[in-house]
Amino acid sequence: MKEWIIPQDWHSYSEAEHAMWDTLFARQVALLSDRAAPAFLEGLEVLRMSKPGIPDFTELSQRLQAATGWSVVAVPGLIPEEVFFENLANRRFVAGRFIRKPEQIDYLEEPDVFHDVFGHAPLLVHPVFADYMQAYGRGGLRSMQYGSIRRLARLYWYTVEFGLIRDGAGLKLYGAGIASSASESRFALDSDSPNRLQFDLRRIMRTEYRIDDFQQNYFVIDSFEQLLRETLDTDFGPLYAELEALPDIGVGVILAGDRVLNRGTQSHAAGRRKS
Ligand SMILES: [Fe+2]
């Protein structure tokens, strides 16, 4: 199958583009020191390249290869789901090569190299999370046979992109969508608006999500081991069939069986609806 991989062409980035990376990097590192999971902060070291600016994927991949056998490859924007899964299943993380413009510093519709690399690469250094990402890719390829990509994608969304993890008595963030966003890295942990619910695979696969604003639910795992184990231990075929008969759960809704860590006020989402 075609893998859609293109050259990153690192030497074609402008000084302004490298400077944008450095600005975003410095801002997020300062913000995350007491918010990101320890494994994420440790993994950030992999991004401290021998040259400043946007990481050269060749050098980054050498470091990831040495740690967990992963690499980062450039692709042209959005790619078919099958290609995305196929790359993950082969321990290749696909990244956009473009970086946001100054006017997009706080909001971006399509993931850029800062989201993809700053957000995702640090945890690819963690052996268990690295295995989870590969397991997800393999599961993604299988989900296509069941016509259940939509359900499995929610697992990615609520873990890899927007996951929180227990850390002692508190919570830390590890999802790339949070970690690469200055505003959501505050909102996800500090705001009383969103629900924070205990991780529940079946529940997550029924839960809708927002792509245009902060999440209304965050799901909290105990450990990356839990995430990997539950993913490997689940027989997804029968589960997809079972979920087919159940209604989706709307964003922000709490069910009787949910293990609720914080019941959100949903004031942020309500404010938006009025405006
Ligand atoms: Fe992402």
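Caption draft 1: The arrangement of the pairing of strand S6 (residues 217–221) in detail. Of all five residues making up S6, five are buried, and the element is well covered by its neighbours. With burial as the criterion, each face of S6 is covered, one bearing Asn-217, Phe-219 and Ile-221 and the other bearing Tyr-218 and Val-220. Bridge count for strand S3 (residues 164–167) against S6 is two bridges, and the pairing is parallel. Each residue of the ladder has a partner; that of Leu-164, found in S6, is Val-220.

Caption draft 2: Representation of helix H6 (residues 127–146). For H6, built from 20 residues, the straight-helix expectation of 28 Å at 1.5 Å per residue is met to within 8% by its first-to-last C-alpha distance of 29 Å. Every buried residue of H6 is accounted for by Val-128, Phe-129, Ala-130, Tyr-132, Met-133, Gln-134, Ala-135, Tyr-136, Gly-137, Gly-139, Gly-140 and Ser-143. Phi turns positive, to about 65 degrees, at Gly-147, one or two residues after H6.

Caption draft 3: Region of interest: the environment of Ser-181. Within the secondary structure, Ser-181 sits in the loop between helix H8 (176–179) and helix H9 (182–190). A relative accessible area of 17% places Ser-181 in the buried class. Linking Ser-181 and Gly-119, residues 62 residues apart in sequence, is a C-alpha distance of 8.8 Å. Looking at Ser-181, its side chain comes within polar contact range of the main-chain nitrogen of Glu-184, at 2.9 Å.

Caption draft 4: Just the side chain of Ser-148, in detail. Note on placement: Ser-148 falls in the loop between H6 and helix H7 (149–161). The contact partners of Ser-148, leaving out residues within four places of it in the chain, are Ser-143 and Tyr-240.

What counts as what
- Residues numbered from 1 in each chain as written.
- Predicted model: local features only at pLDDT ≥ 70, side-chain atom pairs only at ≥ 80, totals over all residues.
- Heavy atoms only, no water.
- Buried < 20%, exposed > 50% of the residue type's maximum accessible area, 1.4 Å probe, protein only.
- Helix = DSSP H or I, 4+ residues; strand = E, 2+ residues; numbered from the N terminus.
- Pairing = 2+ DSSP bridges.
- Expected span 1.5 Å × (residues − 1).
- Polar contact = N/O pair within 3.5 Å; in protein donor to acceptor, adjacent residues only side chain to side chain.
- Contact = heavy atoms within 4.5 Å.

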